[in-house]
Amino acid sequence: MHRRGLKIVITESQPDGCRQVAGHLTEAGHTVLRCHGQPGTERTEPCVAWAAGGGCPLLAQDVDVVVDVRADEGPRTAREQGAMCALVAGVPLVVCGPVGARDGMLARADVLCHHDDIEAACRTAFSPVGPTAHRVVARAVSLALAGVTTPADVHVRLTARESTVFADITVGASPTATAIRRVRAAVRLALAPFTPSWPYTPVMLYHRERPADRP
C-alpha cells in the first residue's frame, strides 16, 4: 500500500552498533538519518542534538520510523534516547535486537525484530493499520470530541482492503452531526502520513451498539 522509500532515524545501544543495519536500509532505498555522529567521528554526545551546531532529526525531518539497534539484552544505554523520543513523538518504533524482559519501554515498540528482518519490520511499523496509526487516530478523535467523550471511551479499528484503509470508531457519547463531520476529518488527516489514499478513507462512527450515519 505504501511502497515509497521511508525516512528512518536510527539509534543504537553501542557505538557504531547500527552500521550494518543502516547500510542494509540504505541499500533497500530508504533515507537513513542518525541519532549519533557518523562512525569514525570524535563526537561523544549521547545524541546529535547535543553536538555543537547539531539538531534532532525528529524535529528537522518528516520521519516515518525510528530504529533502535541493540547489541544485547542489557539495560538501555544513554545512546538509545532516540527510542524514547520516538514514543513521545508518536513515531513508529522498531527495536532491532534482543530486549530484556524488564525493559517495558522498549517492549512498547511497534515491532521487535532481528537484523535480517529489519526492512520488513520498518514497513510493518509504518503500516496505516499498525499500532502507531491506531494511537495517532485515537488521539485525533479524542481531540475532535473534547468535552463530548473521554479518551478512554474512544476505540479505533483500522483495516485495509486493497489500497483503502477503513476506520471504525466507537465512542462513549452520542455525537452530533457536526461532531461526526469533525471526527471524519480528524481521522483522515491523522492517516495522511501513513497512506496516500487518506482523503478517501471511509470512517464509520459508532455510539455503543448503534452506528452513526455513513457517507
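Everything that follows concerns the structure shown earlier in this document.
Basis of the calculations
Residues numbered from 1 in each chain as written. Predicted model: local features only at pLDDT ≥ 70, side-chain atom pairs only at ≥ 80, totals over all residues. Heavy atoms only, no water. Helix = DSSP H or I, 4+ residues; strand = E, 2+ residues; numbered from the N terminus. Buried < 20%, exposed > 50% of the residue type's maximum accessible area, 1.4 Å probe, protein only. Contact = heavy atoms within 4.5 Å. Areas by Shrake-Rupley, 256 points an atom, 1.4 Å probe, with all protein chains shown as cover. Pairing = 2+ DSSP bridges. Right-handed = clockwise from strand over helix to strand, strands pointing away. Expected span 1.5 Å × (residues − 1). Axes fitted to C-alpha atoms, helices over the stretch in contact; angles between N-to-C directions. Salt bridge = Lys/Arg side-chain N within 4 Å of Asp/Glu carboxyl O. Parallel < 35°, antiparallel > 145°, perpendicular 65-115°, else oblique. Left-handed = near helix turned anticlockwise from the far one by under 90°. Phe/Tyr/Trp six-rings, centres within 6.5 Å; stacked < 30°, edge-to-face > 60°. Lys NZ or Arg CZ within 6 Å of the ring centre and 35° of its normal.

Caption draft 1: How the structure looks around the overall build of the protein. Regarding its fold elements, the protein presents seven helices and nine strands. Taking all 215 residues of the protein together, the buried fraction comes to 47%. Summarising the internal contacts of the protein: among those between residues at least 6 apart in sequence, 64% fall at separations of at least 24. Counting every atom, the protein has about 11,100 Å² of accessible surface; 53% of that belongs to carbon and sulfur.

Caption draft 2: View of the pairing of strand E4 (residues 93-96). Here E4 shows a buried face lined by Leu93 and Val95 and a second buried face lined by Val94 and Cys96. In this structure, strand E3 (residues 65-69) lies alongside E4, joined through four bridges in parallel fashion. Note on E4: the bridge partner recorded for aspartate 68 is valine 95. A crossover links E3 with its parallel partner E4, the connecting element being helix H3 (residues 81-89), and its sense is right-handed.

Caption draft 3: Structural context of the pairing of strand E7 (residues 164-171). The buried fraction of E7 is high, at six of eight residues. Looking at chain direction, strand E6 (residues 155-161) and E7 are connected through seven bridges and run antiparallel. Across the sheet, residue histidine 155 finds its bridge partner in E7, namely threonine 170. Here E6 hands over to E7 after two residues, with glutamate 162 in that stretch at a positive phi of 55°.

Caption draft 4: Representation of helix H6 (residues 131-144). Over its 14 residues, H6 runs 20 Å from end to end, which matches the ideal 20 Å to within 8%, given 1.5 Å per residue. Of the residues making up H6, those classed as buried are Thr132, Ala133, Val136, Val137, Ala140, Val141, Ser142 and Ala144. Here the buried face of H6 lies against E6, E7 and helix H7 (177-191).

Caption draft 5: The sheet that holds strand E1 (residues 7-12), seen in detail. Pairing within the open sheet is parallel, and its five strands lie in the order E2-E1-E3-E4-E5. Of all the strands in the sheet, the pair left with one neighbour each is strand E2 (31-34) and strand E5 (111-113). Across the sheet, the axes of successive neighbouring strands diverge by a mean angle of 25°, strand direction being ignored. Note: E1 against E2, four bridges, orientation parallel.

Caption draft 6: Focus on the pattern of salt bridges. Counted under the stated rule, the structure contains six salt bridges. With a shortest N-O distance of 2.8 Å, arginine 19 and aspartate 16 are connected by a salt bridge. Relative accessible area serves as the criterion here: at 32%, aspartate 16 is assigned to the partly exposed category. The salt bridge involving glutamate 119 is made with arginine 123; its shortest N-O contact spans 3.5 Å. Of the two residues, glutamate 119 and arginine 123 are both situated in helix H5 (residues 118-125); the distance of four residues between them amounts to about one turn of the helix.

Caption draft 7: Representation of the packing of helix H1 (residues 19-27) against H5 within the structure. Between H1 and H5, the least distance of the axes is 9 Å, while the angle of their chain directions is 70°. Regarding the angle of H1 to H5, the classification is roughly perpendicular. The hand of the H1/H5 crossing is right-handed. Residue-level inspection shows Val21, His24 and Leu25 of H1 in contact with H5, the latter providing Ile118, Glu119 and Cys122.

Caption draft 8: Main features of the packing of aromatic side chains. In total, this model carries one aromatic pair according to the counting rule given. Centre to centre, the rings of phenylalanine 126 and phenylalanine 194 are 5.5 Å apart; their planes meet at 35°, and the pair counts as tilted. Here the residue phenylalanine 126 occupies a position in the loop between H5 and H6, and phenylalanine 194 occupies one in the loop between H7 and strand E8 (203-207), the gap between them amounting to 68 residues. There is no split in this pair, since phenylalanine 126 and phenylalanine 194 are both buried. Across from the ring centre of phenylalanine 166, 3.8 Å away, lies the NZ or CZ of arginine 161, which sits over that ring.

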